Amino acid sequence: MSSREITKLVKQGQLSAVEVISSVLERITQVEGRIHAFISIMKGEALKRAQEIDKKLKENKQLGRLAGVPIAIKDNMCTAGSRTTCGSHILENYIPPYNATVVDRLLMEDAIIIGKTNMDEFAMGTTTENSYFGPTRNPWDLKKVPGGSSGGSTAAVSAGEAVLSLGSDTGGSVRCPASYCSVVGLKPTYGFVSRYGLIAYADSLEQIGPIAKDVYDCALLFSVINGYDPKDSTSVRKDKTEYISGLEESVEGIRIGVFSEFFGKGVDVDVSDVVQKSLKRLESLGASLVDISLLNLSYSLPTYYIIAMSEASSNLARYDGVRYGLCSDDEVENWKVFYSDTRQKGFGAEVRRRIILGTYALSAGYFNEYYLKALQLRTLIKRGFEKAFESCDVIASPTMPVLPFDIGEKIDDPLSLYLCDIHTVPANLTGMPALSIPCGFSDGLPVGLQLTAPLFREDVLFKLGQALEKSSGIPILSPNL
Ligand code: GLN
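In what follows, the accompanying structure is described.

## What to know about the site of the ligand
- The ligand sits among 15 residues. The nearest are Thr170, Gly171, Ser173, Tyr201 and Tyr304.
- Here glycine 172 contributes a backbone N or O atom positioned 3.3 Å from an oxygen atom of the ligand.
- Contacts to the ligand include tyrosine 304, whose side-chain N or O atom sits 2.7 Å from an oxygen atom.
- In the complex, the protein chains occlude 100% of the 290 Å² of accessible area that the ligand would expose alone.

Laid out in C-alpha cells, this is it:
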C-alpha cells in the first residue's frame, strides 16, 4: 500500500497502526536476511508508537498526514535515544540525545520510524559497500549493488520493508540508489530542508531527501519535511510549501533541456535508450524537448570531489575519541598518538582516504591550487546552469551512466566509482533540486531519469514525474523476492 492508502484506512479505523507495523515487521523478517537494508530495526519503539496512534484515534484526536506510515531513516540522522552509527565503527554505539528536525517533523505527522538504514560510512560512496556493517544488496538482483550512499533507504522501500524513507544527498546519494532500486528520490534545493541533526559529511553540498515508491508519496513526504528551521544556520527563510495540489496539472508547454553529452561517451547505450524513450513520452504529453549546452560541465566531478573531501576532512576532525564515539584504550605516550590511534581504528579505508586528500587540498601550499580553484569553478558551473535555464524549464539526463553493477566489481577502483557520479554532482554544486524517477528496465535492471530544475522549482519536477509515471505504462513494480 502507498502511504496515502495506509493513512486513509488508519484514519477511518479500517486498519490499525499496529496491524500496519506488524505486517511490515513480518515482511522484514522474510526478506531482510537477503537484503540487509537496516543497521537497526526499531521493533519495540515502532509497535509502541503504533499503539499510541491507535489510542489517539479512539480518543477522537486529530491524526497527522502520515498516520501509521512506516518510515525508514538513514543512519546519519539523529534519533533521540536510538543508536545512530553513520555506518561507522567510530559511532557504532553512539546514542544521540536529540532528534534531527526532519525526524521531529515526521513524528508530528504521526509517521512511525521502523528502523535506521544502512549506508556508506559517513555517506562516502556510491554503492553502500563502504558500510562498517557490510553491504546492502539490490532487491532487483541480489548480486548487484543497490547504489549509494543511501542504499539501505532505497532498498528498504523497494523491498517493501518500509513505505517511505529518508536519505541524504551530498553528490547523488538519494538519486543514485533511487535509480538503482527503481524508486523515486529527490535532492531538494539547498537550504530547503533542515540539516539540524544530520551528521555532516560536506555541509555546503548536502540535503536530506525523500524516497518513495511513487511521485505522490515522494511529494507528500517532501511537503512534510521542508521549510525554515531556526536551528540550521543554512536554512532558507521560506515557509513550508505544499506539493500535492499541483501534481495533476498538465505538462503542456514545459521545456525539457537536453544536453547531448549527457547521452554520449561513457553512458551505457541501453541506459541512454531507455531514458530517451521516456523523454519522447513526455514530449507526446505536450512537453517540448530543446537542445541546450552547459558550460564548464566537464569540471564538475573534480570540483565536487575537491570540495567534498576538503569539507569532510574538516568535519571529521571532531571524532577525537574524547567527546563521543570510539575511544582507543591502548596505553599511549601522548595525545597525538591517542588521536591517530582512535581514528585509525574507527574509520574505514575510504573515509581515511578522503580525510587525507581533503587535508592535502586545504594545506597552506596547495589551498590556492585546489580548494580555491574548485570554489571558482563551482561558481562558473552554476552560471552555466543559470544560462541554460534561460531556454528551458528543466534539464534531463540519465541519473546514472551505467546499470547497477556487481557487488565487489568496482570497490578496489575508487576512481571508477567517483566517475559514476558524473550526472548527479552538478545539482549539489549549484544547489538546484533534482529528481530521479524510474523510467524503465534494461536486462531486468532499473533505469532512472534525472530531471534538474532551477532553485525552488521542485513543483515542476514532481509534475513531470507524475505525468511520466501515469502515462508510462511502467506499473509501479516490486522486485520478486
Ligand atoms: N558518491 C558521492 C560521494 O561519494 C556522493 C555521496 C553522497 O551523496 N553522500 O561523495
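## Thoughts on the pattern of salt bridges
- Enumeration according to the criterion identifies 24 salt bridges in this entry.
- Here lysine 143 ties to aspartate 141 by a salt bridge, and the two come within 3.4 Å at their closest N and O atoms.
- Classification of lysine 143 by relative accessible area gives exposed; the value is 54%.
- Beyond isolated ion pairs, a larger network of salt bridges with shared partners links Arg4, Asp214 and Asp217.

## With respect to helix α12 (residues 368-388)
- If you check α12, its first and last C-alpha atoms are 29 Å apart, about what 21 residues at 1.5 Å a residue would give, namely 30 Å.
- Taken together, the buried positions of α12 are Tyr371, Ala374, Leu377, Arg378, Ile381, Gly384, Phe385 and Ala388.
- Taken together, the buried residues of α12 touch α9 (300-315), α11 (349-362), β9 (394-398) and α14 (425-430).

## What to know about the sheet that holds strand β4 (residues 164-169)
- Strand order in the open sheet formed by 11 strands is β1-β3-β2-β4-β6-β5-β10-β11-β9-β7-β8, and the pairing between neighbours is mixed. Whereas interior strands pair on both sides, the edge strands pair on one side only; in this sheet they are β1 (38-41) and β8 (288-291). Taken over all neighbouring pairs, the strand axes of this sheet differ in orientation by 30 degrees on average, direction set aside.
- Note that β1 and strand β3 (residues 112-117) share 3 bridges and pair antiparallel. Note on β3: the bridge partner recorded for isoleucine 41 is glycine 115.
- Of the strands in this sheet, β1, β2 (70-74) and β3 touch helix α2 (residues 17-35), which is tilted by about 20 degrees from β3.
- Each of β7 (255-258), β8, β9, β10 (434-442) and β11 (445-452) is contacted by helix α8 (residues 269-284), which is oriented at about 55 degrees to β11, the strand it contacts most.

## Focus on unusual backbone geometry
- A cis geometry characterises the amide bond from glycine 148 onward to serine 149, with omega recorded as 5 degrees.
- Within the secondary structure, serine 149 sits in the loop between β3 and α5 (151-158).
- Although it is not a glycine, asparagine 60 adopts a positive phi angle of roughly 60 degrees.
- Checked against the element boundaries, asparagine 60 lands in the loop between α3 (43-58) and β2.
- Even without glycine at this site, cysteine 86 takes up a positive phi of about 60 degrees.
- Along the chain, cysteine 86 falls in the loop between β2 and α4 (101-108).

## Details of the packing of aromatic side chains
- For the structure shown, the criterion picks out 23 aromatic pairs.
- Where tyrosine 319 meets phenylalanine 347, the ring centres are 6.2 Å apart and the plane angle is 90 degrees; that geometry is what we call edge-to-face. Here tyrosine 319 is found in the loop between α9 and α10 (335-346), whereas its partner phenylalanine 347 is found in the loop between α10 and α11, with 28 residues between them in sequence.
- A residue is classified by how much of its surface remains accessible, and phenylalanine 347, at 3% relative accessible area, is buried.
- Taking the centre distance of 5.8 Å and the plane angle of 40 degrees together, the rings of tryptophan 335 and phenylalanine 338 count as tilted. One end of the pair, tryptophan 335, and the other, phenylalanine 338, are both in helix α10, 3 residues apart, so they sit about a helical turn from each other.
- Relative accessible area serves as the criterion here: at 14%, phenylalanine 338 is assigned to the buried category.
- Taken together, Tyr94, Phe122, Tyr319, Tyr324 and Phe347 form an aromatic cluster joined through their ring pairs.
- Stacked on the ring of phenylalanine 405, the Lys or Arg lysine 410 has its end atom at 4.8 Å from the ring centre.

## Considering the side chain of serine 173
- With respect to the secondary-structure elements, serine 173 resides in the loop between β4 and α6 (175-181).
- Judged by its relative accessible area of 5%, serine 173 falls in the buried class.
- A polar contact of 2.7 Å, which involves the side chain of serine 173, links it to the backbone nitrogen of serine 149.
- Among all residues touching serine 173, those that are not within four sequence positions of it are Lys74, Ala123, Gly125, Gly148, Ser149, Ser150 and Ser168.

## Remarks on the pairing of β2
- Buried residues dominate β2, accounting for 5 of its 5 residues.
- Residues Pro70, Ala72 and Lys74 of β2 are buried on one face, and the alternating residues Ile71 and Ile73, pointing to the opposite face, are buried as well.
- The pairing of β2 with β3 spans 5 bridges and is classified as parallel. Paired with isoleucine 73 across the bridge in β3 is lysine 116.
- Read from β2 through α4 to β3, the crossover connection turns out right-handed.
- Both β2 and β4 contribute to a ladder of 3 bridges, which runs parallel. Within the sheet, the bridge partner assigned to isoleucine 73 lies in β4 and is leucine 166.

## Topic: the state of the cysteines
- Taken as a whole and judged by the stated rule, the model has 0 disulfides.
- A disulfide-free cysteine, cysteine 86 has its sulfur positioned 8.6 Å from the sulfur of cysteine 78, the nearest such atom.

## Examining helix α1 (residues 3-12)
- Burial in α1 covers these residues: Ser3, Ile6, Thr7 and Val10. With its buried residues spanning 95 degrees around the axis, α1 presents them on a single face.
- Turning to α1, the residues buried within the fold contact α2, α3, β2, β4 and α7 (215-225).
- Among the residues trailing α1, glycine 13 stands out with phi positive, at a value near 75 degrees.

Definitions and limits used
- Counting restarts for each chain, with residues numbered from 1 along the sequence as it is written.
- Thresholds applied to this predicted model are a pLDDT of at least 70 for local features of residues and 80 or more for the giving and counting of side-chain atom pairs; totals over whole chains, interfaces and linings are not thresholded and use all residues.
- Side-chain numbers come from the whole structure's heavy atoms, not from hydrogens or water.
- Nearness of a residue to a molecule or strand requires only that one of the residue's heavy atoms be within 4 Å of it.
- Distance and chemistry together define a polar contact, namely a pair of N or O atoms within 3.5 Å, with one atom able to donate a hydrogen and the other to accept it when in protein, and with adjacent residues in sequence counting only for side-chain atoms on both sides.
- Where accessible areas are quoted, they stem from the Shrake-Rupley method and a 1.4 Å probe; at the residue level, only the protein chains shown are allowed to cover.
- Just to be clear on terms, a salt bridge is a Lys or Arg side-chain nitrogen sitting within 4 Å of an Asp or Glu carboxyl oxygen.
- Classification of residues uses two cut-offs on accessible area relative to the type maximum, computed with a 1.4 Å probe and protein chains only: under 20% is buried, over 50% is exposed, and between them is partly exposed.
- Secondary structure elements are defined from DSSP: runs of H or I of at least 4 residues count as helices, runs of E of at least 2 residues count as strands, and each element is numbered from the N terminus.
- Multiply 1.5 Å by the residue count of a helix minus one, and that product is the helix's expected span.
- The criterion used for residue contact is that any of the two residues' heavy atoms lie within 4.5 Å.
- DSSP calls a pair of strands paired once it identifies at least 2 bridges connecting them.
- Each axis is a line fitted through C-alpha atoms, and for a helix only the stretch in contact is used; angles between axes span 0 to 180 degrees, taken between their N-to-C directions.
- Here a Phe, Tyr or Trp ring, Trp counted by its six-membered ring, pairs with any other such ring whose centre lies within 6.5 Å, and the pair is stacked when the planes are under 30 degrees apart, edge-to-face when over 60, and tilted otherwise.
- Any Lys NZ or Arg CZ found within 6 Å of a ring centre and within 35 degrees of that ring's normal is scored as a charge over the ring.
- Looking down the strands as they point away from the viewer, one classifies a crossover as right-handed if the path from the first strand across the helix to the second runs clockwise.
- Cysteine sulfur atoms are paired as a disulfide whenever they fall within 2.5 Å.
- What the arc measures is the spread of directions leading from the helix axis to the C-beta atoms.

Keep in mind that these numbers describe shape and distance, not what the molecule does.
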